[in-house]
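Structural overview for review
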Amino acid sequence: TLTSLRNQGKLKNVSFIAIIFFAIAFRICLLPSTPTLSDDIYRYAWDGKAPAHGINPYSFVPLSPQLEHLRDEGFEKTSHKNTFTAYPPLAQIIFMLTRGVGSGVYPLKIVFVFFDLGTMVLLVLILKELKINTLNIAIYAWNPLAIMEIAGSGHMDICAIFWIMLAVFLYLKRKG
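These numbers come from a predicted model, not from an experiment. (Residues numbered from 1 in each chain as written. Predicted model: local features only at pLDDT ≥ 70, side-chain atom pairs only at ≥ 80, totals over all residues. Heavy atoms only, no water.)

Secondary structure assignment for the chain yields seven helices and zero strands. Ordered by position in the sequence, the α and β elements of the chain form the string α-α-α-α-α-α-α. The C-alpha atoms of the chain give 20 Å as radius of gyration, which overshoots the globular expectation for 176 residues (16 Å, by more than 25%). The burial tally for the chain puts 41% of its 176 residues in the buried class. Long-range contacts, defined here as pairs at least 24 residues apart, represent 71% of the contacts in the chain between residues at least 6 apart. Within the chain, one finds 16 positive and 11 negative side-chain charges whose respective centroids are separated by 16 Å. (Helix = DSSP H or I, 4+ residues; strand = E, 2+ residues; numbered from the N terminus. Rg over C-alpha atoms; globule rule 2.2 N^0.38 Å. Buried < 20%, exposed > 50% of the residue type's maximum accessible area, 1.4 Å probe, protein only. Contact = heavy atoms within 4.5 Å. Lys, Arg positive; Asp, Glu negative; His and termini not counted. Charge placed at Lys NZ, Arg CZ, Asp CG, Glu CD.)

Spelled out as structure tokens, the structure:
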């Protein structure tokens, strides 16, 4: 009946809101935590620090004597101090721009969570384009690996995933 359909629609809306609410809550809970699965984020912070001081991150390794004046408490946790950066230019730009928000790992984690939330929005839009139930966003939104790696350890892979999802969405919109 019509009332039953309305109730199903309301239940779907409440379920969707609950999925998104808890997805955000899970990520917020992990933001202040110290990265445990990897120390990569400390290298991201270092790579963002160098260009903020006018230094090309591809020109010097963190242990270079020329960069000694940039060392701070996070330097000890920086990985691969005797190797040149492995991160591509777009990643370097993100690292550097994040320094406008603040230094260290927490601003990076916040930026990565915003990319993560943007990815969720794009996934919902993709599900709608494909006429798939948007409640399926829970598969990604509540995925412990994604939550831990992005909000907990601060991995930058989400930046690339965001751009890929944007490309998929734009492809589907153009195709449709």
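Continuing now.
What follows covers the environment of alanine 52. Residue placement: alanine 52 occurs in helix α2 (residues 40-52). Not counting residues within four places of it along the chain, the set of residues in contact with alanine 52 comprises Met96 and Arg99.

What follows deals with the layout of surface pockets. Empty space among the atoms becomes apparent when a probe as large as a water molecule is rolled across them. Each pocket or cavity is described by its volume, and for the largest pocket that value is around 270 Å³. As for the largest pocket, its lining consists of 15 residues, and the residues nearest its centre are Asp72, Glu73, Gly74, Gly104 and Val105. Elements with a minimum of two residues in the lining of the largest pocket: α2 and α4 (105-129). At four residues, α2 tops the list of elements feeding residues into the lining of the largest pocket. (1 Å grid on protein atoms, 1.4 Å probe; cavity = no way out; pocket = protein on both sides within 12 Å on 5 of 7 lines; lining within 4 Å. Points joined across faces, edges and corners; volume = space filled by probe spheres on them.)

Turning our eyes to something else, we now look at the packing of aromatic side chains. Under the counting rule described, the total for this entry stands at twelve aromatic pairs. Considering the side-chain rings of tyrosine 44 and phenylalanine 112, the 5.9 Å spacing of their centres and the 85 degrees angle between planes classify their relative orientation as edge-to-face. Residue tyrosine 44 is found in helix α2, and its partner phenylalanine 112 is found in helix α4; the two are separated by 68 residues along the sequence. Tyrosine 44 sits in the buried class, given a relative accessible area of 2%. Of the residues examined, phenylalanine 112 reaches a relative accessible area of 0% and is grouped as buried. Members of the aromatic cluster, connected to one another through ring pairs, are Phe21, Phe22, Phe26 and Trp142. A cation over an aromatic ring shows up here: lysine 81 above the ring of phenylalanine 75, its NZ or CZ 5.4 Å from the ring centre. (Phe/Tyr/Trp six-rings, centres within 6.5 Å; stacked < 30°, edge-to-face > 60°. Lys NZ or Arg CZ within 6 Å of the ring centre and 35° of its normal.)

Positionally, arginine 27 belongs in helix α1 (residues 2-30). By relative accessible area, arginine 27 is classed as buried at 1%. The residues touching arginine 27, leaving out its near neighbours within four places in the chain, are Val113, Asp116, Leu117, Met120, Tyr140, Ala141, Ile147 and Ala151.

Moving on to unusual backbone geometry. The phi dihedral of histidine 80 falls on the positive side, at around 50 degrees, and the residue is not glycine. As for its placement among the helices and strands, histidine 80 is situated in the loop between α2 and α3 (89-98). Overall, the relative accessible area of 54% leaves histidine 80 in the exposed class. Backbone geometry at lysine 131 places phi at a positive 60 degrees, although glycine is not the residue there. Here lysine 131 shows up in the loop between α4 and α5 (138-141).

Moving on to the pattern of salt bridges. Under the counting rule described, the total for this entry stands at four salt bridges. Taking the shortest distance from any N to any O, the salt bridge between arginine 27 and aspartate 116 comes out at 2.4 Å. Taken together, the positions of arginine 27 in helix α1 and aspartate 116 in helix α4 put the pair 89 residues apart, joining distant regions of the chain. Take arginine 27 and aspartate 116: they sit in the same class, and that class is buried. Linking lysine 173 and glutamate 129 is a salt bridge whose minimum nitrogen-to-oxygen distance equals 3.3 Å. Separated by 44 residues along the polypeptide, lysine 173 in helix α7 (residues 157-175) and glutamate 129 in helix α4 bring together distant segments of the chain. (Salt bridge = Lys/Arg side-chain N within 4 Å of Asp/Glu carboxyl O.)

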